[in-house]
Amino acid sequence: MKPRVLVTREISPEALTRLKQHCTVDSNQQDAPVSPRQLLLRLKGKSGLVSGPTDQITEAVLAKNPQLKIVCNVAVGYNNLDIAAATKHGVMMTNTPGVLDDTTADLTWALILSAARGLSNADRTVRAGRWKRWRVMDFLGQDVYGKTIGICGFGRIGRGVARRAMGFGMKVLYASRSRATGAIEQEFRASYVDKQTLLRESDVVTLHLPLFPETRHYIGAKELSLMKPSAILVNTARGPIVDERALVSALRRGRIFAAGIDVYEKEPALAPGLASLPNVVLTPHIGSGTIETRLKMSNMAVTNCIAGLTGQRPPNLLNPVLEVS
Ligand code: NAP
């Protein structure tokens with residue numbers, strides 16, 4: 001008998017067809033959100049789960065589903081998965097690293113340039129017919145070329161952002177949990193600094209850390225107060241890494257110049273006041289949102305799922321201490 005798998009969010013039809021060749025699939029291609037209660041109901045009897053970043057796979061979910069063997073997140077971030085609990089329950093968990101690095105680095109750069117030049121506000125003004133004449137001192141932004149960029153979290157995506165910054169003639173600073181090798185620092189012409197130095201010296205601060213308990217509110221009122229008044233903050237990592245209320249206050253008071261935000265503390269809700277600020281560019285969590293990349297992510301999650309349910313080691317296992325049986 002084929003193993004049974006639940007797919008909680010819409011994935012690419014090609015990937016779904018491949019999954020169906022190996023498994024009996026209950027899929028939510030209509031993409032109506034699956035509530036925690038529905039998740040528990042639909043998980044009954046399933047040995048595989050293909051999940052999205054909005055599904056919380058907690059110890060309670062795992063404890064109620066002892067038949068579950070593998071959870072495959074269609075995302076590189078895995079703050080919605082309790083890896084420690086999964087390891088305890090012998091459940092494999094996987095993510096989709098690598099295939100979305102360039103796509104997310106590109107979106108980061110789109111936000112850097114949009115925030116620096118106030119593109120959202122300029123676009124809204126033109127569309128609303130409020131642009132009456134050209135003026136020397138109107139719609140003034142910040143230069144990016146030749147400035148200093150501070151990258152927090154110097155992993156796959158952080159380095160992708162650094163590579164692009166080299167083309168903009170920027171000085172690259174980074175703060176991260178561990179220091180990169182000399183060869184990597186040379187390759188990206190990047191200097192390792194502490195977080196405070198990065199915040200004080202950067203014209204653009206961009207976040208590429210995973211969301212862990214210790215990175216929650218990594219940027220709050222104190223950090224924002226260290227940044228230059230001309231600086232730009234970009235977050236394409238995870239919403240709770242930034243204290244969104246503190247960010248609204250800093251943007252409103254002109255404490256920093258602008259922000260580009262793709263991820264939010266309580267998605268899809270926004271902190272009060274954020275949407276009405278002229279100096280912020282907001283996108284709806286589309287860091288990896290290109291046709292090619294979402295296809296690759298769907299395929300990667302399905303490959304992990306098929307491997308895990310056919311006795312092979314999933315290529316992107318997050319709890320590698322598990323023995324695959
Ligand atoms: P990655 O390769 O694992 O890089 C993360 C970097 O952050 C690593 O250099 C890591 O250091 C560092 N780090 C971890 N904990 C830290 C801490 N407490 N303080 C400082 N640095 C720390 O991950 P990635 O693939 O670049 O992805 C980064 C994040 O982007 C993901 O976790 C995901 O949440 C987010 N993301 C968002 C979107 C979107 O749609 N907006 C798309 C893709 C990814 P070590 O080298 O020591 O591990």
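Conventions and cut-offs
Residues numbered from 1 in each chain as written. Predicted model: local features only at pLDDT ≥ 70, side-chain atom pairs only at ≥ 80, totals over all residues. Heavy atoms only, no water. Axes fitted to C-alpha atoms, helices over the stretch in contact; angles between N-to-C directions. Helix = DSSP H or I, 4+ residues; strand = E, 2+ residues; numbered from the N terminus. Parallel < 35°, antiparallel > 145°, perpendicular 65-115°, else oblique. Contact = heavy atoms within 4.5 Å. Nonpolar A, V, L, I, M, F, W, Y, C, P; charged D, E, K, R; others polar. 1 Å grid on protein atoms, 1.4 Å probe; cavity = no way out; pocket = protein on both sides within 12 Å on 5 of 7 lines; lining within 4 Å. Points joined across faces, edges and corners; volume = space filled by probe spheres on them. Left-handed = near helix turned anticlockwise from the far one by under 90°. Pairing = 2+ DSSP bridges.

1. Let's talk about the packing of helix 1 (residues 13–22) against helix 12 (residues 291–309)
Here helix 1 crosses helix 12 at 10°, and the two axes come no closer than 8 Å. Between helix 1 and helix 12, the angle falls in the class roughly parallel. Contact residues: helix 1 offers Glu14, Ala15, Arg18, Leu19 and His22, while helix 12 offers Leu295, Ser298, Asn299, Val302, Thr303, Cys305 and Ile306. Counted by class, the contact of helix 1 with helix 12 contains six nonpolar, four polar and two charged residues.

2. Quick word on the environment of Asp138
Its location among the elements puts Asp138 in the loop between helix 6 (119–127) and strand 6 (148–152). For the pair Asp138 and Ala122, spaced 16 residues apart in the sequence, the C-alpha separation amounts to 9.9 Å.

3. Comments concerning empty space enclosed by the protein
The tally for this structure, following the rule as stated, stands at two cavities of 30 Å³ or more. Put simply, the largest cavity is a space of about 40 Å³. Lining the largest cavity, in full, are Gln142, Asp143, Val144, Lys147, Asp203, Val204, Ser230 and Ile232. In terms of residue class, the lining of the largest cavity is made up of three nonpolar, two polar and three charged. Here the second largest cavity is characterised by a volume of approximately 30 Å³. Around the second largest cavity, the lining residues are Asn235, Gly239, Val242, Glu244, Leu247, Ile261 and Val263. Residue composition of the lining of the second largest cavity, grouped by class: four nonpolar, two polar and one charged.

4. Focus on the packing of helix 5 (residues 101–117) against helix 7 (residues 156–167)
The interhelical angle for the contact between helix 5 and helix 7, taken along N-to-C directions, is 55°, at an axis separation of 8 Å. In terms of their interaxial angle, helix 5 and helix 7 are classed as oblique. In this structure, helix 5 crosses over helix 7, and the sense of that crossing is right-handed. Residues Asp101, Asp102, Thr104, Ala105, Asp106, Thr108 and Trp109 of helix 5 form the contact with helix 7, whose participating residues are Arg156, Ile157, Gly160, Val161, Arg164 and Ala165.

5. Here we look at the sheet that holds strand 2 (residues 24–27)
On the basis of which strands lie adjacent, the open sheet formed by five strands has the order 2-1-3-4-5 and parallel pairing. Of all strands in the sheet, those with a lone pairing partner are strand 2 and strand 5 (92–94), marking the two edges. Ignoring which end each strand starts from, the neighbouring axes of this sheet average 15° apart. Taken together, the three bridges between strand 4 (residues 70–73) and strand 5 define a ladder with parallel strand orientation. Opposite Val71, over in strand 5, you have Met93 as the bridge partner. This element, helix 2 (residues 36–43), spans strand 1 (4–7), strand 2 and strand 3 (48–51) of the sheet and lies at about 160° to strand 1.

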